[in-house]
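# Commentary on secondary and tertiary structure
Single-letter residue listing:
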Amino acid sequence: MIKDFIFSIVPFLLICSGAIYSKKAGTLAVFLEGAITLGAFSSFVSLQLTNSFIVSIILGALIPAILFYFFEKFNELVNANSFITGIAINMCITGFTSIMSYALFGKSGVLFFSVKPQNSFVFLIIISVISICFLVFTEFFLYHSKKGLAFRLCDSGGDYLDSLFIDRKKIRSISWGICGATGGLAGTFLSIRLASFSTGISGGKGWLALALIFLASDKPFFVFIWSFVLVFTEFFARWLVNNFSQMTQIQTLLQAIPFIAVLFFSGIVYFARIILNKKNSTKSISL
Amino acid sequence: MLDFFILPFSTSFHFGNLLQLTIFLLLPSLAAIFPLKTGALNLGGEGQIYAGGLFSTLVLLSFSQAQTSISITFAMILATLVALIVGGFLAFISGWALEKANMSEVVSSFLISSAFIPIGDYLLGSVFLDKSQNLVTTEKISSMFRASNLISSSNLNSTIFEIIIIVILAWCFFKFTKPGMIFTLSGKGDEFAKAAGFSPKRNRTISLTISGALNGLTGFLAIIGIYHSVHIGFYSGMSWNGLTIALLCATNLNFLLPASFVFSYLQKCVDNASLQGLIGINTGNFFKGLLLILLSIKPLIKKFKLTKSNKKEKND
């Protein structure tokens, strides 16, 4: 159960850590669903062809990273609305993976490995370790380094960056590349864990990750906390269904528990912040 | 290849469906535009459409025995109000959380919608299920509540007139009224709005509430116009399509109808070609995505005109 719990958190850690870069650079990563799907498909195909986990993990991260890096370059070149192009690329990737799976494997829908891959557990552990290390790296890079400061100023302090001749567009492209890489790696993880691929493999995790980074105020530590809360409540709902026969009748209703729990706790956090800020301001007035 | 582009105009059935989708999508687009004008973003449209459609249908089902025109009119008015109130309330919670606790409406609206959808599915699958059917759906609403068909066998129905009136009223609101101008100012910049004496957060709360109400109304009109009963996933994609159209027209109501038409046309090309077996559904989505990317490119003509005027100034 602990293994399942950790493996359920890992995709959120990966996706959120990449999305933080993109949000700091000034664009909301609405293309995450596409990045996850493309990463999962790339890793599935490369694993089928090469039978090597290492190659599949590398390609699963690299292909989306390169695609989204150049895609943001294209957005800048033609002055496109990145929200619309993000949604459009999600559609394109869903269609593309479906076409390619038909071309390569003769069918679309759910694809299974023809030969079950051995030692997948080891590589899932490796990706889990990578996800935690990257989250820690993100905290130090974004909040304790000069280059990270440039990322953080990209949206709000753009004129300052221009005065230092730091190219904001380059930072934005790099952020999309990082987001693509982490999303692709999350897709790789899901594909290896499920030993299959389908166009719906992301299951809405991209949108949920965006909500989590807003809740976490772009701080990697709080991303971990909120991912933990979300997955914990999902497991709690599942535990209720598995252990209490009456709960199977309201199984659909229990799917709302994670969202209600996250809303509830975030409400407490936000209101607590307001109350604390008010107390501090009245203290300073009285002084 | 030519069939792909001509099919939506080929028969009255296809053209009627194209027209219906074009005008129907104006409402969720308007629902997306209101918060965008004030600088907010409503990502909870799916849940709001579902809630509005579900609860208004329940009201109509409870009046299924109505005989007189007064009772029928009363039922329709009540169902409309319920759709507006339920959808508006779900969005109001996000606005209130934004105003009081500075909680991002992007998060709260998305989470509220995601929380409501399983609740709605449970109510639909157990309490309000039509047990005479094999599908997970409510009973069909009485024929006296259904919108009348304008082109037989197509989806084009009389709800398009209500939608057009709402869009015209919204256009007048933003163009000619003081609150409309205040909304637009609030979206331009918080500091400017505050300096002018307006509360940007209060305006965002109001715009989110209106957005939720319009989404609720979308659900209601979808039921009385097209589906006639609530089934799982009937709301799917409506809100996102509306948001895409709102961004395509850059929240400018003058371009809302053309943007909606272009989007609906693409959608119908893909749907019709898939149904006819010309292309797969996902292949169609691929081409739709490509075309959307092209459409999102801000006019290069503007850039060309600017460089031309710069050259003219240099020569002078």
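The notes below deal with the structure included here. (Residues numbered from 1 in each chain as written. Chains lettered and ligands numbered in written order. Predicted model: local features only at pLDDT ≥ 70, side-chain atom pairs only at ≥ 80, totals over all residues. Heavy atoms only, no water.)

## Describing the overall build of chain B
- Broken down by element type, chain B carries 14 helices and 0 strands.
- Shown N-terminal to C-terminal, the secondary structure of chain B runs as helices and strands in the order α-α-α-α-α-α-α-α-α-α-α-α-α-α.
- Here chain B has a C-alpha radius of gyration of 21 Å; the compact-globule value for 316 residues is 20 Å, and the two agree.
- Its C-alpha atoms put chain B at 80 × 55 × 35 Å along the principal axes.
- Within chain B, buried positions represent 53% of all 316 residues.
- Of the contacts formed within chain B by residues at least 6 apart in sequence, a portion of 74% connects residues at least 24 apart. (Helix = DSSP H or I, 4+ residues; strand = E, 2+ residues; numbered from the N terminus. Rg over C-alpha atoms; globule rule 2.2 N^0.38 Å. Buried < 20%, exposed > 50% of the residue type's maximum accessible area, 1.4 Å probe, protein only. Contact = heavy atoms within 4.5 Å.)

## Quick notes on the overall build of chain A
- The helix and strand tally for chain A stands at 12 helices and 2 strands.
- For chain A, the N- to C-terminal ordering of α and β elements is α-α-α-α-β-α-α-α-α-β-α-α-α-α.
- For the C-alpha atoms alone, the extent of chain A along its principal axes is close to 75 × 60 × 35 Å.
- For chain A, the proportion of its 287 residues judged to be buried stands at 51%.
- Restricting to contacts in chain A with at least 6 residues of sequence separation, those with at least 24 account for 79%.
- Seen as two clouds, the 21 positive and the 11 negative side-chain charges of chain A have centres 7 Å apart. (Lys, Arg positive; Asp, Glu negative; His and termini not counted. Charge placed at Lys NZ, Arg CZ, Asp CG, Glu CD.)

## Section: the nonpolar core
- Membership of the largest hydrophobic core comes to 152 residues, with the highest contact counts inside it found for Leu215(A), Phe234(B) and Leu256(B).
- Ranked by the residues each element gives to this core, the list is headed by helix H1 (residues 2-24) of chain A, at 12 residues.
- Leave out the neighbours within four places in its chain, and Phe234(B) touches Ile49(B), Tyr50(B), Gly53(B), Gly219(B), Ala222(B), Ile223(B) and Tyr227(B).
- In this structure, Leu18(B), Tyr265(B), Cys269(B) and Ala273(B) belong to the second largest nonpolar core, which totals 6 residues. (Core = buried A, V, L, I, M, F, W, Y, C linked by side-chain atoms within 4.5 Å.)

## Quick notes on the environment of Ser142(B)
Residues and elements named next belong to chain B.
- Along the chain, the position of Ser 142 falls in the loop between helix H6 (105-127) and helix H7 (159-176).
- What makes Ser 142 buried here is its relative accessible area of 18%.
- In this structure, the C-alpha to C-alpha distance between Ser 142 and Ser 229, residues 87 residues apart in sequence, is 9.7 Å.

## Quick notes on the pattern of salt bridges
Residues and elements named next belong to chain A.
- The final tally for this structure, using the stated rule, is 5 salt bridges over all chains.
- Ionic pairing is found between Arg 193 and Asp 4, a salt bridge with its closest N-O pair at 3.5 Å. With a gap of 189 residues between them, Arg 193 in helix H8 (residues 168-194) and Asp 4 in helix H1 connect regions that are remote in the sequence.
- Given the relative accessible area of 32%, Arg 193 is considered partly exposed.
- Since its relative accessible area comes to 32%, Asp 4 is described here as partly exposed.
- Note that Asp 218 is salt-bridged to Lys 24, the shortest N-O span being 3.3 Å. Of this pair, Asp 218 sits in the loop between helix H9 (205-215) and helix H10 (220-243) while Lys 24 sits in helix H1; the two residues are 194 residues apart in sequence, bridging distant segments of the chain.
- For Lys 24, a relative accessible area of 16% puts it in the buried group. (Salt bridge = Lys/Arg side-chain N within 4 Å of Asp/Glu carboxyl O.)

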